[in-house]
Amino acid sequence: MTPSKLRRQIAFEAARLMYSRDVAEYYAAKQKAASRLYKGWIKPADLPSNAEIRDQVQVLARMHEGPDRHQQRLLQMRVRAAWWLEKLAGFHPKLIGSVLTGSIRNGSDIDIHVFAANPHSITTELEDLNLFYQLERKQIVKDGQQRVFTHIHVRDEFEIELTVYHPSQLGYRFRSSITNKPIESAGLNELNRLIALEHEVTPETIEAKVNELTLTPDRITVFQSLLVPLESVHQNLKYHPEGDALYHSLQVFDLARDCKPYDEEFLLAALLHDVGKAIDRRDHVAAGMEALEGFVSERTMWLIEHHMDTHAIADGTIGARAKRRLAESPWYEDLIELGECDRGGRVAGAEAPELEEALDYIENIEDMFG
């Protein structure tokens, strides 16, 4: 195989790994693709560049998503980025990366540079917005020097990665790890002009879209905010030997996923059925339904509303009239199945997914099953 042909094949395989989200980093994608395609040693010069892999990722994105869907998603991500640049205005935010250049793929995040002497001033802002985040510090060697990079990962409609720099680096031209050229960046005004130019959207429409996002919380963020406190809800070990309510909810979700891996409404009922326990343990069902109103479907709400009835059905203590009313619902069989998952998710030490994994699964069901 000629070096040029092998290089193209590695670029395509690496792109496929990144597009399918099996691998997140270019270097790891190259190495994994090369080992799959060639058993011998490959000179570094014969490996594709990051830019070549990025171009192949774009080809795959357009093949699988179609140009219209790709452009629609790009517009959505750019509008969301504008919302973030507005909210973080005090930290001189600059949009960088694939959302700015247009080279997004399935799973792309919104990358923003922010400038603050103390990263906690940014996390305080995120807390005021009722957003969940993870602060990460990475030690890497760059240009022969060991440096620490601070990243803040935020769960939003799209994943957000904030890279924090000291204000003294404002105006510094950072270089891309893909092209080794200065990174393109844009503030809010430049981004709005780009949206208007490339998507043929008027400034008034952009402003309206951004304001609409401001008024509408992302549902996954809402679910996370309701689920995280369940970790502190310790239950009666006689009925819940598994321990806290979050661990129980994740076990129930996992069992529900085995039953109906494609059914988002059912899976949400399984994951969220006990969120009210962190709000009002005296009537956790009513409390949970009030918190979830407007964020889940009628079917999911009905399943959560009646999930406690399934235990009365199972032990025979429910009245005949009440059981008959439930049985008249088209979702009755789903309710019985949810009850079985609820009772099954009470095993001490059982394996269960992490909360992030469960929410990622919910978020990607449409892409997985259509």
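Note that the structure is predicted; figures quoted are calculated from it, not measured. (Residues numbered from 1 in each chain as written. Predicted model: local features only at pLDDT ≥ 70, side-chain atom pairs only at ≥ 80, totals over all residues. Heavy atoms only, no water.)

1. Looking at the overall build of the chain
Move 1: A count of helices and strands for the chain gives 17 helices and five strands.
Move 2: The dimensions of the chain, computed from C-alpha atoms along their principal axes, are 75 × 50 × 40 Å.
Move 3: The 370 residues of the chain split such that 46% are buried.
Move 4: When contacts within the chain are restricted to residue pairs at least 6 apart in sequence, long-range pairs at least 24 apart make up 65% of them.
Move 5: Averaging the coordinates of the 43 positive side-chain charges in the chain and doing the same for the 59 negative ones gives two points 7 Å apart. (Helix = DSSP H or I, 4+ residues; strand = E, 2+ residues; numbered from the N terminus. Buried < 20%, exposed > 50% of the residue type's maximum accessible area, 1.4 Å probe, protein only. Contact = heavy atoms within 4.5 Å. Lys, Arg positive; Asp, Glu negative; His and termini not counted. Charge placed at Lys NZ, Arg CZ, Asp CG, Glu CD.)

2. Remarks on the packing of aromatic side chains
Move 1: As enumerated under the stated definition, the model contains seven aromatic pairs in all.
Move 2: Ring geometry for phenylalanine 115 and tyrosine 165: centres 6.0 Å apart, planes at 35°, overall tilted. Of this pair, phenylalanine 115 sits in strand 2 (residues 110-115) while tyrosine 165 sits in strand 5 (residues 160-165); the two residues are 50 residues apart in sequence, bridging distant segments of the chain. Across this residue pair, the class does not change: phenylalanine 115 and tyrosine 165 are buried.
Move 3: Among the aromatic side chains, those forming a connected cluster through ring pairs are Phe115, Phe149, Tyr165, Tyr172 and Phe174.
Move 4: Over the ring of tyrosine 361 we find arginine 257, and its NZ or CZ is 4.9 Å from the ring centre. (Phe/Tyr/Trp six-rings, centres within 6.5 Å; stacked < 30°, edge-to-face > 60°. Lys NZ or Arg CZ within 6 Å of the ring centre and 35° of its normal.)

3. A closer look at the packing of helix 10 (residues 245-259) against helix 16 (residues 332-344)
Move 1: Taken N-terminus to C-terminus, the directions of helix 10 and helix 16 make an angle of 135°; their axes are 8 Å apart at the nearest point. With respect to helix 16, the axis of helix 10 lies oblique. Helix 16 is crossed by helix 10, and the crossing has right-handed handedness. Contacts between helix 10 and helix 16 involve His248, Gln251, Val252, Leu255, Ala256 and Cys259 from the first element and Glu337, Cys341, Asp342 and Gly344 from the second.
Move 2: Classifying every residue of the contact of helix 10 with helix 16 gives five nonpolar, three polar and two charged. (Axes fitted to C-alpha atoms, helices over the stretch in contact; angles between N-to-C directions. Parallel < 35°, antiparallel > 145°, perpendicular 65-115°, else oblique. Left-handed = near helix turned anticlockwise from the far one by under 90°. Nonpolar A, V, L, I, M, F, W, Y, C, P; charged D, E, K, R; others polar.)

4. Brief notes about unusual backbone geometry
Move 1: At histidine 92, a position not held by glycine, the phi torsion is positive, near 50°.
Move 2: With respect to the secondary-structure elements, histidine 92 resides in the loop between helix 4 (67-87) and strand 1 (94-96).
Move 3: A positive phi angle, near 50°, is found at glutamate 200, a position not held by glycine.
Move 4: Looking at where glutamate 200 falls in the secondary structure, it is placed in the loop between helix 7 (188-199) and helix 8 (203-215).
Move 5: The exposure class assigned to glutamate 200 is exposed, which follows from its relative accessible area of 74%.

5. Comments concerning the pattern of salt bridges
Move 1: Scanning the entire structure with this criterion turns up 20 salt bridges.
Move 2: As a salt-bridge pair, glutamate 52 and arginine 7 come within 2.8 Å of each other at their nearest N and O atoms. Taken as a pair, glutamate 52 in helix 3 (residues 50-65) and arginine 7 in helix 1 (residues 3-19) lie far apart in primary sequence, 45 residues in all.
Move 3: The partly exposed category is assigned to arginine 7, whose relative accessible area is 24%. (Salt bridge = Lys/Arg side-chain N within 4 Å of Asp/Glu carboxyl O.)

6. Looking at helix 8
Move 1: For helix 8, built from 13 residues, the straight-helix expectation of 18 Å at 1.5 Å per residue is met to within 8% by its first-to-last C-alpha distance of 19 Å.
Move 2: The set of residues buried in helix 8 consists of Ile206, Val210 and Leu213. Mapping the buried residues of helix 8 onto a view down its axis gives an arc of 55°, with all of them on the same face. In helix 8, the exposed residues that point more than 90 degrees away from the buried face are Glu204, Glu207, Glu212 and Leu215. (Expected span 1.5 Å × (residues − 1). Arc of directions from axis to C-beta.)

7. Section: the packing of helix 11 (residues 264-272) against helix 16
Packed helix pairs are characterised by how far apart their axes lie and by the angle those axes make with each other.
Move 1: The N-to-C vectors of helix 11 and helix 16 enclose an angle of 40°; their axes lie 11 Å apart at closest approach. If you check the angle between helix 11 and helix 16, you find them oblique. As helix 11 runs across helix 16, the sense of the crossing is right-handed. Here Phe266, Ala269 and Ala270 of helix 11 lie close against helix 16, whose contacting residues are Asp334, Glu337 and Leu338.

8. Focus: the environment of lysine 94
Move 1: As for its position among the elements, lysine 94 is in strand 1.
Move 2: According to the relative accessible area criterion, lysine 94 is partly exposed, its value standing at 29%.
Move 3: Measuring from C-alpha to C-alpha, the distance between lysine 94 and alanine 29 comes to 27 Å, with 65 residues separating the pair along the chain.
Move 4: Contact partners of lysine 94, with chain neighbours within four places excluded, come to Leu85, Asp111, Ile112, His113, Ser185, Ala186, Gly187 and Glu190.

9. Considerations on the side chain of glutamine 251
Move 1: Structurally, the position occupied by glutamine 251 is in helix 10.
Move 2: At a separation of 2.9 Å, a polar atom in the side chain of glutamine 251 contacts the main-chain carbonyl oxygen of valine 347.
Move 3: Sequence-distant contacts of glutamine 251, that is, excluding residues within four places in its chain, are made with Glu242, Gly344, Gly345, Arg346, Val347, Ala350 and Ala352. (Polar contact = N/O pair within 3.5 Å; in protein donor to acceptor, adjacent residues only side chain to side chain.)

No statement about biological role is implied by the geometric values presented.
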